[in-house]
Amino acid sequence: MTTPSNDDEQLMHPMLNIGIRAARAAGNVITRSMDRVDTLQIDQKGRNDFVSEVDKAAETEIINVLLKAYPAHSVLGEESGLVGAADAEYQWIVDPLDGTTNFLHGYPYFSVSIALLHKKRIDQAVVYNPVSQELFTASRGDGAWLNSKRLRVSKTNRLEKALLGTGFPYRTGQDLDFYQRTLRHYTEKSGGIRRAGSAALDLAAVAAGRLDGVWLVGLNAWDVAAGALIVREAGGLLNDFSGGDNWMDGGEVLAGTPKVHHEMLQVMKPLIASRNKLAAK
Ligand code: IPD
Ligand code: CA
Ligand code: CA
């Protein structure tokens, strides 16, 4: 069953609809708490790694909406881990608040990220910015959307003209030296670099043509699952840093317009080769 939903006649998959409902519910939890951040209970998971009661309440809200509609599905949430059967045919992957550091500082750039995997393939995706109320969605094979507008990546075809997004290491155990080499090369070869603080929104920005490419490190599946489908359905390319498919659990993602993605991978190639060489020593 499909229901027409907007001006461009996007036919919304019922499971996407539920994902959107869950994202909006979480968005309400987040925005209600925005002006009382200093009163929130905040725990530290590691260096520069915080979780607030809002992350947890937003995730609870999402899980309730999803499992009420689909009790046989499972949910992998950043804060709750796996809820439901490990071998469920449908699994939701949830980051209730992507950009917690921004949120805790009142820097209004964060999102709710929800993806649905069917037999381990990403089928539906929602990235919601509750401040701007921008809702980025995608269904596999059916395109990507920003609210009611169909998304295409930008036409930028040269790295030297491209505006790139990135996410850099700021937690313990991350390879800052390698990252700095990538930053140096992309700084020299691109048209500019931004670091906004929400990986899911960075990917959505590529889909919307606001950024022409991104390279991101230190990621988990919940940071990228939804954004990846949105980029691909908008005509962008997305891989791990070697151009391979180990991006969902590999922690590193490179995405962009087809030509910018290609040039970014060319720049990355020798850096990966020397990292591999160092690791083999
Ligand atoms: C983080 C953000 C950040 C990225 C980190 C993520 P969180 O997610 O997406 O932009 O650089 O790697 O962990 O912790 O705010 O959900
Ligand atoms: Ca995140
Ligand atoms: Ca998070």
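Here goes a summary of the coordinates provided.

Criteria and cut-off values
Residues numbered from 1 in each chain as written. Chains lettered and ligands numbered in written order. Predicted model: local features only at pLDDT ≥ 70, side-chain atom pairs only at ≥ 80, totals over all residues. Heavy atoms only, no water. Donors = N, O, S within 2.8 Å, 3.2 Å for Na, K, Ca; no water. Buried < 20%, exposed > 50% of the residue type's maximum accessible area, 1.4 Å probe, protein only. Helix = DSSP H or I, 4+ residues; strand = E, 2+ residues; numbered from the N terminus. Contact = heavy atoms within 4.5 Å. Pairing = 2+ DSSP bridges. Phe/Tyr/Trp six-rings, centres within 6.5 Å; stacked < 30°, edge-to-face > 60°. Lys NZ or Arg CZ within 6 Å of the ring centre and 35° of its normal. Axes fitted to C-alpha atoms, helices over the stretch in contact; angles between N-to-C directions. Expected span 1.5 Å × (residues − 1).

**A short note on the coordination of the calcium ion (ligand 3)**
Move 1: Here the calcium ion (ligand 3) is held by Glu78 (OE), Asp95 (OD) and Leu97 (O), and the distances to it run 2.3 to 2.4 Å.
Move 2: Here the donor residues for the calcium ion (ligand 3) map to a single chain with the spacing E-x16-D-x1-L.
Move 3: The buried category is assigned to Asp95, whose relative accessible area is 1%.

**Here we look at the environment of Met268**
Move 1: Here Met268 shows up in helix α7 (residues 258-280).
Move 2: The exposure class of Met268 is buried, given its relative accessible area of 0%.
Move 3: Distance from Met268 to Tyr107, taken between C-alpha atoms, is 31 Å for residues 161 residues apart in sequence.
Move 4: Beyond its immediate stretch of four places on either side in the chain, Met268 contacts Phe178, Thr182, Tyr186, Trp215, Phe241 and Leu254.

**Re the pairing of strand β7 (residues 90-98)**
Move 1: Where burial is concerned, most of β7 is hidden: 8 out of the 9 residues are buried.
Move 2: In this structure, β7 lies alongside strand β8 (residues 111-118), joined through 7 bridges in antiparallel fashion. Note that in β8 the partner of Asp98 across the bridge is Ser111.

**A look at the packing of aromatic side chains**
Move 1: What the rule picks out here adds up to 5 aromatic pairs.
Move 2: Ring geometry for Tyr179 against Trp215: centres 5.9 Å apart, planes inclined by 10°, an arrangement best described as stacked. Of the two residues, Tyr179 sits in helix α4 (residues 176-189) while Trp215 sits in strand β15 (residues 213-216), which places them 36 residues apart along the sequence. Both residues of the pair, Tyr179 and Trp215, count as buried.
Move 3: The structure contains a cluster of three or more aromatic residues connected by ring pairs, namely Phe168, Tyr179, Tyr186 and Trp215.
Move 4: A cation over an aromatic ring shows up here: Arg195 above the ring of Phe168, its NZ or CZ 4.6 Å from the ring centre.
Move 5: Lying across the ring of Phe178, Arg275 places its NZ or CZ 4.1 Å from the centre.

**Notes on the coordination of the calcium ion (ligand 2)**
Move 1: Within the protein, Asp95 (OD), Asp98 (OD) and Asp223 (OD) serve as the donor atoms for the calcium ion (ligand 2), at 2.0 to 2.2 Å.
Move 2: Of note, the donors binding the calcium ion (ligand 2) are all from one chain and are spaced D-x2-D-x124-D.
Move 3: A separation of 3.7 Å is found between the calcium ion (ligand 2) and the calcium ion (ligand 3), which are bridged by Asp95. Note that Asp98 is positioned in strand β7 and Asp223 in helix α6 (residues 221-233), a separation of 125 residues in sequence.
Move 4: Classification of Asp98 by relative accessible area gives buried; the value is 6%.

**Quick word on the sheet that holds strand β10 (residues 134-139)**
Move 1: Strand order across the open sheet formed by 8 strands is β6-β5-β7-β8-β9-β10-β11-β12, with mixed pairing between neighbours. Looking at the sheet topology across the chains shown, the edges are occupied by β6 (81-83) and β12 (149-150).
Move 2: The pairing of strand β5 (residues 74-77) with β6 spans 3 bridges and is classified as antiparallel. If you follow Leu76 over to β6, its bridge partner there is Leu82.
Move 3: Helix-sheet contacts for helix α1 (residues 14-33) involve β7, β8, β9 (121-129) and β10, and the interaxial angle to β9 is about 30°.

**Thoughts on α6**
Move 1: With 13 residues, α6 ought to run about 18 Å at 1.5 Å a step, and its terminal C-alpha atoms sit 18 Å apart, in line with that.
Move 2: Counting buried residues along α6, 12 of its 13 residues qualify, which places the element largely inside the surrounding structure.
Move 3: Residues Ala221, Trp222, Asp223, Val224, Ala225, Ala226, Gly227, Ala228, Leu229, Ile230, Val231 and Glu233 constitute the buried set of α6.
Move 4: Residue Gly235 follows α6 closely and has a positive phi angle near 95°.

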